[in-house]
Amino acid sequence: MVDNLLASLGVERSAYTMGSHPVHTPIDGSRIASVRLDTPADVAAKIAQARQAFDAWRAVPAPRRGELLRVFGEVLRRNKQALGELVSWEAGKITQEGLGEVQEMIDICDFAVGLSRQLYGLTIASERPGHHMRETWHPLGVVGVISAFNFPVAVWAWNTTLALVAGNAVIWKPSEKTPLAALASQALLQQAMREHGDAPQWLSQVCVGDRAAGLALVDDPRVALVSATGSTRMGREVGPRVAARFGRSILELGGNNAMILAPSADLDLAVRAILFAAVGTAGQRCTTLRRLIAHESVRDEIVARLKSAYAKVRIGHPLQGNLVGPLIDKAAYKAMQNALSQARQEGGKVHGGERRLSDEYPDAYYVSPALVEMPGQTDVVRHETFAPILYVMPYSDFAEAIRLNNEVPQGLSSCVFTTDLREAELFQSALGSDCGIANVNIGTSGAEIGGAFGGEKETGGGRESGSDAWKAYMRRQTNTVNYSRELPLAQGISFD
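Residues numbered from 1 in each chain as written. Predicted model: local features only at pLDDT ≥ 70, side-chain atom pairs only at ≥ 80, totals over all residues. Heavy atoms only, no water.

A. Representation of the overall build of the chain in the model. Scanning the chain from terminus to terminus reveals 16 helices and 23 strands. Against the 2.2 N^0.38 benchmark of 23 Å for 496 residues, the chain shows a C-alpha radius of gyration of 24 Å, consistent with a compact globule. Along the first, second and third principal axes, the C-alpha atoms of the chain reach 80 × 60 × 40 Å. Taking the contacts inside the chain whose residues are at least 6 apart along the sequence as the reference set, 74% of them involve residues at least 24 apart. The centroid of the 50 positive side-chain charges in the chain is displaced by 4 Å from the centroid of its 53 negative side-chain charges. (Helix = DSSP H or I, 4+ residues; strand = E, 2+ residues; numbered from the N terminus. Rg over C-alpha atoms; globule rule 2.2 N^0.38 Å. Contact = heavy atoms within 4.5 Å. Lys, Arg positive; Asp, Glu negative; His and termini not counted. Charge placed at Lys NZ, Arg CZ, Asp CG, Glu CD.)

B. A look at the state of the cysteines. Within this structure, the stated rule accounts for 0 disulfides. With no disulfide partner, C109 has as its closest neighbouring cysteine sulfur the one in C286, 20 Å distant. (Disulfide = S-S within 2.5 Å.)

C. Inspection of the sheet that holds strand 16 (residues 389-395) at higher detail. Strand order across the open sheet formed by 7 strands is 12-15-16-11-10-18-19, with mixed pairing between neighbours. A strand with exactly one partner marks an edge of an open sheet, and here the two such strands are strand 12 (349-351) and strand 19 (437-440). Ignoring which end each strand starts from, the neighbouring axes of this sheet average 20 degrees apart. Relative to strand 19, strand 18 (residues 413-417) is paired through 4 bridges, and the arrangement is parallel. The residue of strand 19 that forms the bridge with S413 is I437. (Pairing = 2+ DSSP bridges. Axes fitted to C-alpha atoms, helices over the stretch in contact; angles between N-to-C directions.)

D. Highlighting the side chain of N159. Of note, N159 is situated in helix 7 (residues 154-165). On the basis of relative accessibility, which here comes to 1%, the residue N159 falls in the buried class. Within the structure, N159 has its side chain in polar contact with the side chain of S227 (distance 2.7 Å). Dropping the residues within four chain positions of it, N159 is found in contact with V145, S227, I250, E464 and Y473. (Buried < 20%, exposed > 50% of the residue type's maximum accessible area, 1.4 Å probe, protein only. Polar contact = N/O pair within 3.5 Å; in protein donor to acceptor, adjacent residues only side chain to side chain.)

E. Quick look at the layout of surface pockets. By volume, the largest pocket amounts to about 1,100 Å³. Around the largest pocket, the lining is made up of 38 residues, and of these T229, G230, S231, R233 and M234 lie nearest the centre. Mapped onto the lining of the largest pocket, the elements with two or more residues apiece are helix 9 (211-219), helix 10 (232-244) and helix 13 (330-345). At 5 residues, the largest contribution of residues to the lining of the largest pocket is made by helix 10. Per-class residue counts for the lining of the largest pocket are 14 nonpolar, 13 polar and 11 charged. Approximately 790 Å³ is the volume attributed to the second largest pocket. In terms of lining residues, the second largest pocket is bounded by 26 residues, among which K46, L183, Q186, Q190 and V206 are the most central. (1 Å grid on protein atoms, 1.4 Å probe; cavity = no way out; pocket = protein on both sides within 12 Å on 5 of 7 lines; lining within 4 Å. Points joined across faces, edges and corners; volume = space filled by probe spheres on them. Nonpolar A, V, L, I, M, F, W, Y, C, P; charged D, E, K, R; others polar.)

F. Layout of empty space enclosed by the protein. Under the counting rule described, the total for this entry stands at 1 cavity of 30 Å³ or more. By volume, the largest cavity is sized at about 40 Å³. For the lining of the largest cavity, a count of residues per class yields 3 nonpolar, 3 polar and 2 charged.

G. Spatial organisation of the packing of aromatic side chains. Under the counting rule described, the total for this entry stands at 7 aromatic pairs. Ring centres of W156 and W172 lie 4.5 Å apart, and the angle between their planes is 10 degrees; on these two criteria the pair is classed as stacked. Note that W156 is positioned in helix 7 and W172 in strand 6 (residues 169-173), a separation of 16 residues in sequence. Of the two residues examined, W156 and W172, each falls in the buried class. One aromatic cluster is present, built from ring pairs that chain together F72, W156 and W172. It is R285 that lies over the ring of F276; its NZ or CZ is 4.5 Å from the centre. For the cation-ring pair, R355 lies above Y333, with the distance from its terminal atom to the ring centre recorded as 5.9 Å. (Phe/Tyr/Trp six-rings, centres within 6.5 Å; stacked < 30°, edge-to-face > 60°. Lys NZ or Arg CZ within 6 Å of the ring centre and 35° of its normal.)

H. A look at the sheet that holds strand 8 (residues 223-229). Strand order in this open sheet of 5 strands is 7-6-5-8-9, and the pairing throughout is parallel. Across the chains shown, the open sheet's two edge strands, defined by having one partner strand only, are strand 7 (204-206) and strand 9 (248-252). Adjacent strand axes in the sheet meet at a mean angle of 15 degrees, parallel and antiparallel pairs treated alike. Examined bridge by bridge, strand 5 (residues 142-146) and strand 6 share 5 bridges and lie parallel to one another. By the bridge assignment, I146 is partnered in strand 6 with K173. Helix-sheet contacts for helix 8 (residues 179-196) involve strand 6 and strand 7, and the interaxial angle to strand 7 is about 160 degrees.

I. Local environment of the pattern of salt bridges. On inspection of all chains with the given rule, the structure shows 30 salt bridges. R36 is paired through a salt bridge with D42; the nearest N and O atoms lie 2.9 Å apart. Accessibility expressed as a relative area gives 49% for R36, which makes it partly exposed. According to the relative accessible area criterion, D42 is partly exposed, its value standing at 21%. In this structure, D110 engages R77 in a salt bridge whose closest nitrogen and oxygen atoms are separated by 3.0 Å. Of the two residues, D110 is situated in helix 6 (residues 95-115) and R77 in helix 4 (residues 62-78); the sequence distance between them amounts to 33 residues. (Salt bridge = Lys/Arg side-chain N within 4 Å of Asp/Glu carboxyl O.)

J. The packing of helix 5 (residues 80-91) against helix 8, seen in detail. The contact between helix 5 and helix 8 brings their axes to 9 Å, and the two run at 160 degrees. On the basis of their axis angle, the class for helix 5 and helix 8 is roughly antiparallel. Note that helix 5 runs across helix 8; the crossing there is left-handed. Contact residues: L83, L86, V87 and E90 in helix 5; P179, L180, A181, A184, S185 and L188 in helix 8. Partitioned by chemical class, the residues of the contact of helix 5 with helix 8 number 8 nonpolar, 1 polar and 1 charged. (Parallel < 35°, antiparallel > 145°, perpendicular 65-115°, else oblique. Left-handed = near helix turned anticlockwise from the far one by under 90°.)

Below, the structure written as structure tokens:
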């Protein structure tokens with residue numbers, strides 16, 4: 001099945017059969033491919049090629065660069081079903097989530113096409129007569145993208161579409177756990193490049209590699225920007241290394257996202273939002289709902305409702321109509337069990353969390369989503385575990401709820417369910433949530449590409465996707481033009 005998908009998407013057979021690095025599907029644990037890993041020397045050679053491509057691409061007018069993304073969007077539309085299914089096989093996502101991830105790629109292509117005619121600068125009033133000032137934006141150079149297994153194609157597309165329309169070349173290092181989706185996405189982009197006609201060779205390249213290959217990308221001064229998505233631990237290493245050579249970085253790291261459930265909340269709506277945000281992608285999203293801060297007056301009712309809802313969740317093969325697929329691997333399962341054990345030690349009452357379908361899939365790791373009643377925000381709650389664990393804690397007043405929301409190291413996504421206008425507005429104010437995303441009556445996950453995506457604190461501070469995130473992929477230049485016959489100095493300085 002995977003062979004047929006890869007062939008239909010234009011990936012050469014040798015790219016996924018001739019290597020020594022095994023690729024396993026989390027669906028049943030079986031080996032589905034073998035890929036070759038790039039060495040640091042390979043990475044260096046690809047960076048040199050990318051620099052050549054950049055020299056040519058930056059001279060192409062931005063609207064023409066946008067045309068490449070329009071063509072790519074059409075190629076993705078034609079191949080949405082196959083690429084979405086490949087994502088499911090490689091990352092374990094259910095059908096709708098695999099297709100949804102490809103739709104994100106299509107959406108950001110559309111965004112980039114419009115952006116190609118809107119890379120606006122400014123006109124600035126000069127204090128000197130006969131002068132005018134302006135601000136312009138120019139391409140950076142080579143952009144490195146490091147992505148994680150949980151969104152194996154969408155995050156690359158967020159970065160690459162903006163980087164390309166801005167005039168840069170791109171080198172992508174995907175997770176070693178999901179290289180096939182990367183090879184397929186690259187093959188589809190190369191098809192678009194051929195149809196486009198003006199895109200230079202090596203404009204976009206993939207480096208399938210381990211930690212050494214990643215560090216080669218991070219440390220090379222020819223890579224102007226490194227956009228890295230992954231754990232906070234990874235970010236602590238990548239950020240300082242890029243900064244040490246005065247490069248730029250976009251860091252999209254951990255999330256420990258909370259919902260405040262107010263007394264006035266629509267509980268029917270909240271249950272649906274909680275379920276999708278907490279158990280979708282088997283809890284393996286950076287925006288997964290991990291903490292439910294429920295007012296003491298509704299806490300017991302929401303726990304009872306969630307127990308009932310959790311009991312109805314269908315768990316199993318992600319391509320067979322189930323709602324929750326597998327964890328990515330055994331290490332993820334062990335991390336989940338360790339967290340649940342620690343939660344019990346810290347006074348938590350655990351519902352669910354056990355392994356499922358081990359007889360049918362002995363080499364895969366399906367689990368029941370866990371609902372954990374906690375006495376407060378203990379150490380385990382403050383730590384992000386990449387698994388379907390939802391910690392439930394009570395609060396008595398809204399100020400306490402906001403404090404609990406903010407009192408974790410991470411700062412990605414947050415939400416409040418309330419029909420009280422004052423609470424909603426306070427939550428979104430400077431006195432409210434300290435996260436990069438703050439929603440009202442909608443869950444923590446499922447962000448649209450139109451808004452800038454990212455978070456604060458240990459989430460890394462980066463922004464990708466919509467709004468003015470494109471500026472991260474360009475350099476700003478201030479220009480002053482003297483159209484007079486005099487040479488006045490700024491600040492009224494006289495140098496006669």
